[in-house]
Amino acid sequence: MTDTERDTGRDTERVGIVGCGLMGSGIAEVCARAGRDVVVMEATAATGLRRITRSPARAADAGKLTVAERDAALARITMATDTAPMADRDLVIEAVAEDERAKLEVFARLDKDVRRPDAVLATNTSSLPVIRPAAATSRPRQVVGLHFFNPVPVLPLVELVPSLLTDEETVRRARTFASDVLGKQVVLARDRAGFVVNALLVPYLLAAVRMADSGTASAEDIDRGMTLGCAHPLGPPALADLIGLDTVQAIARSMYAEYRETLYAPPPLLARMVDAGLLGRKSGRGFHTYP
């Protein structure tokens, strides 16, 4: 492979995505729109395909994509119900729920099913140490964190997180793919729970939950205070709803387990809302109600 091919990301033509929720479907979309051949694994393939189809359809309706561009992107995506079709992939990105056991199981399967000896295996975890999925494989030097942000087609950031065992070539290929192929801005983070963004963001969200729980202010007034007083596009309760309260709780638990600092501890109200299925936008109700 020539240096030119490496520099333009031509060593990552075939991409696999494991998981087709909000994050996985968004990652699949941006990869397909960038001209990559994409295989997406989701247990219920029809449901996953519907998720993937919605965003390009909206973009075409809004004039951000032509109908031809939409159709071409969707034609590059193939659905699968297991990891066997990942055998020929140059890069596989895991995007299942923020559950450590589930992620480790995925990486153990990928280690067996991905046949390319130089394939990069990436995790989209938002908080778990990357070394853990890496250690579930026989090729930890080729495992890296690629943390995208929701909604993936809109937000320009990717956190690149090498573990202590990730080699420089894997980091180079992951960075080139995220920046040159997908057009994302890349920040490099150490392999610590929360990385850069969530290590700063999650304590802020948890503080807002505690404020609402204590009765200091309503969720609506907390949001209004931060949008009008600090020019934030969303207040913290609304942002937590967008992320998913279950995801916020999972990130907080991971960070608290690593740092043992009270600012990372999930508040009781957050746990009760998750137990009740009030997860935010994806369930139709969280701190706010959604149609």
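Here we summarise the structure given alongside this text. (Residues numbered from 1 in each chain as written. Predicted model: local features only at pLDDT ≥ 70, side-chain atom pairs only at ≥ 80, totals over all residues. Heavy atoms only, no water.)

1. Focus on the pattern of salt bridges
On inspection of all chains with the given rule, the structure shows 21 salt bridges. Here arginine 70 and aspartate 71 are joined by a salt bridge, their closest N and O atoms 3.0 Å apart. A relative accessible area of 39% means that aspartate 71 is categorised as partly exposed. When the shortest N-O distance is used, the salt bridge between arginine 116 and aspartate 90 registers 3.0 Å. Here the residue arginine 116 occupies a position in the loop between helix 5 (100–113) and strand 5 (120–123), and aspartate 90 occupies one in the loop between strand 3 (77–80) and strand 4 (91–94), the gap between them amounting to 26 residues. Judged by its relative accessible area of 4%, aspartate 90 falls in the buried class. Shared partners join several salt bridges into a network, and the residues in it are Asp11, Glu169, Arg172 and Arg173. (Salt bridge = Lys/Arg side-chain N within 4 Å of Asp/Glu carboxyl O. Buried < 20%, exposed > 50% of the residue type's maximum accessible area, 1.4 Å probe, protein only. Helix = DSSP H or I, 4+ residues; strand = E, 2+ residues; numbered from the N terminus.)

2. Focus: the sheet that holds strand 8 (residues 185–188)
In space, the eight strands of this open sheet follow the order 3-2-1-4-5-6-7-8, with mixed pairing throughout. Edge positions in the sheet fall to strand 3 and strand 8, since each of these pairs with one other strand and no more. Here the average twist between neighbouring strands, direction ignored, is 25 degrees. Relative to strand 3, strand 2 (residues 37–41) runs parallel, the two being bridged by four bridges. Its bridge partner being in strand 3, valine 39 is matched across the sheet by threonine 78. (Pairing = 2+ DSSP bridges. Axes fitted to C-alpha atoms, helices over the stretch in contact; angles between N-to-C directions.)

3. Some words on the pairing of strand 6 (residues 143–148)
The buried fraction of strand 6 is high, at six of six residues. Neither face of strand 6 is left uncovered, since the one carrying Val143, Gly145 and His147 and the one carrying Val144, Leu146 and Phe148 both have all their residues buried. Judged from the three bridges that link them, strand 5 and strand 6 form a sheet pairing that is parallel. Paired with alanine 122 across the bridge in strand 6 is valine 144. Pairing of strand 6 with strand 7 (residues 157–162) involves five bridges; the strand directions are antiparallel. Looking at the pairing, leucine 146 lines up with leucine 160 of strand 7.

4. Notes on the packing of aromatic side chains
Tallying each qualifying case throughout the model produces one aromatic pair. Taken together, a centroid distance of 5.2 Å and an interplanar angle of 35 degrees make the contact between tyrosine 259 and tyrosine 264 tilted. Assessed through its relative accessible area of 10%, tyrosine 264 is described here as buried. (Phe/Tyr/Trp six-rings, centres within 6.5 Å; stacked < 30°, edge-to-face > 60°.)

These figures come from the coordinates and say nothing about function on their own.
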